[in-house]
Amino acid sequence: SEDGLHWKDLNKGLPVLCSNIGESGVRDPFIVKNKNTGIYYLIATDLCIHDNPDWKAAVEQGSSDLIIWESSDLINWSDEWSCNVRIPGAGCAWAPEAIYDEKEKALFVFWATWRSSEGKHRIYGAYTEDFRSLSKPELYIEREKGVIDTTIVKSGDYYYRLTKDEDSARIIYE
């Protein structure tokens, strides 16, 4: 797009990246750059609901992997690999995003996970440099009702976090 409003298909409308591992499908793609290495990572939910449209099973027993590609130029991409972010007693790992943390000098990756014992989605997070190994995932956001989608943007010296509250369908701005 030249203006952000009018778009044209690239690659004749065919996919550029496909996942042939895990559930052989991806959703919620997100691109992040590691400022230490200059490497870009495309991270995504490992989910193919088309082949098995059982949303309850996908939530409660779905993949706990993120699907990852890397690139140095945003044109040429590696083969995909999976990054396990399993939380004991939890199901899916959905809607991953990441941001470079200046203080930690690493990428902070976060995603939504369903825990049947709580009956809701909560956001977990971990640090990584390359999506091949992560710090131990920790609970990052919990609300009275579930939360599934969140994003963090840095502007100047401030970080802004926007999170969708699943119960009220409102955006929480922090």
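Residues numbered from 1 in each chain as written. Predicted model: local features only at pLDDT ≥ 70, side-chain atom pairs only at ≥ 80, totals over all residues. Heavy atoms only, no water.

Q: So what exactly am I meant to see when it comes to the overall build of the protein chain here?
A: When helices and strands are counted, the protein chain shows one helix and 11 strands. Starting at the N terminus and ending at the C terminus, the protein chain contains elements arranged as β-β-α-β-β-β-β-β-β-β-β-β. In terms of C-alpha radius of gyration, the protein chain reaches 16 Å, essentially the compact-globule figure of 16 Å for 174 residues. Its C-alpha atoms give the protein chain principal-axis dimensions of about 45 × 45 × 35 Å. Looking at the 174 residues of the protein chain, the share that counts as buried comes to 41%. Contacts in the protein chain between residues far apart in sequence, at least 24 positions, make up 44% of those at least 6 positions apart. Averaging the locations of the 20 positively and 30 negatively charged side chains of the protein chain gives two centres separated by 4 Å. (Helix = DSSP H or I, 4+ residues; strand = E, 2+ residues; numbered from the N terminus. Rg over C-alpha atoms; globule rule 2.2 N^0.38 Å. Buried < 20%, exposed > 50% of the residue type's maximum accessible area, 1.4 Å probe, protein only. Contact = heavy atoms within 4.5 Å. Lys, Arg positive; Asp, Glu negative; His and termini not counted. Charge placed at Lys NZ, Arg CZ, Asp CG, Glu CD.)

Q: How should unusual backbone geometry be read in this particular structure?
A: Negative phi is the rule for most residues except glycine; trans is the rule for most peptide bonds. We note that alanine 95 has phi near 55°; this positive angle belongs to a residue other than glycine. With respect to the helices, strands and loops of the structure, alanine 95 is situated in strand S5 (residues 90-101). Alanine 95 sits in the buried class, given a relative accessible area of 11%. Located in the positive-phi region is phenylalanine 131, a residue other than glycine, with phi close to 60°. Inspection of the secondary structure puts phenylalanine 131 in the loop between strand S7 (120-128) and strand S8 (138-141). Here phenylalanine 131 falls in the buried class, since its relative accessible area comes to 1%.

Q: Please clarify how the environment of valine 26 should be interpreted in this entry.
A: Along the polypeptide, valine 26 turns up in strand S1 (residues 26-33). On the basis of relative accessible area, valine 26 is assigned to the partly exposed category, the value being 35%. Put simply, valine 26 and leucine 47 are 21 residues apart on the chain and 5.2 Å apart in space, counted from C-alpha to C-alpha. Setting aside anything within four residues of it in sequence, one finds valine 26 in contact with Ser19, Ala44, Thr45, Leu47, Ile67 and Trp69.

Q: What is the right way to look at the packing of aromatic side chains in this model?
A: Aromatic ring pairs: the centre-centre distance and the angle between the two ring planes describe each pair. For the structure on display, the rule yields seven aromatic pairs. When the ring of tryptophan 55 is compared with that of tryptophan 94, the centres are 5.9 Å apart and the planes differ by 90°; the resulting orientation is edge-to-face. Within this pair, whereas tryptophan 55 is found in helix H1 (residues 55-61), its partner tryptophan 94 is found in strand S5, the two being separated by 39 residues in sequence. Measuring from ring centre to ring centre gives 5.1 Å for phenylalanine 108 and tyrosine 127, while their planes differ by 45°; the resulting arrangement is tilted. With a gap of 19 residues between them, phenylalanine 108 in strand S6 (residues 106-115) and tyrosine 127 in strand S7 connect regions that are remote in the sequence. Taken together through their ring pairs, the aromatic side chains of Phe108, Phe110, Tyr127 and Tyr140 make up a single cluster. The ring of tryptophan 81 carries arginine 132 above its face, with NZ or CZ at 3.6 Å from the centroid. (Phe/Tyr/Trp six-rings, centres within 6.5 Å; stacked < 30°, edge-to-face > 60°. Lys NZ or Arg CZ within 6 Å of the ring centre and 35° of its normal.)

Scope: geometric values only; no functional claims are made or implied.
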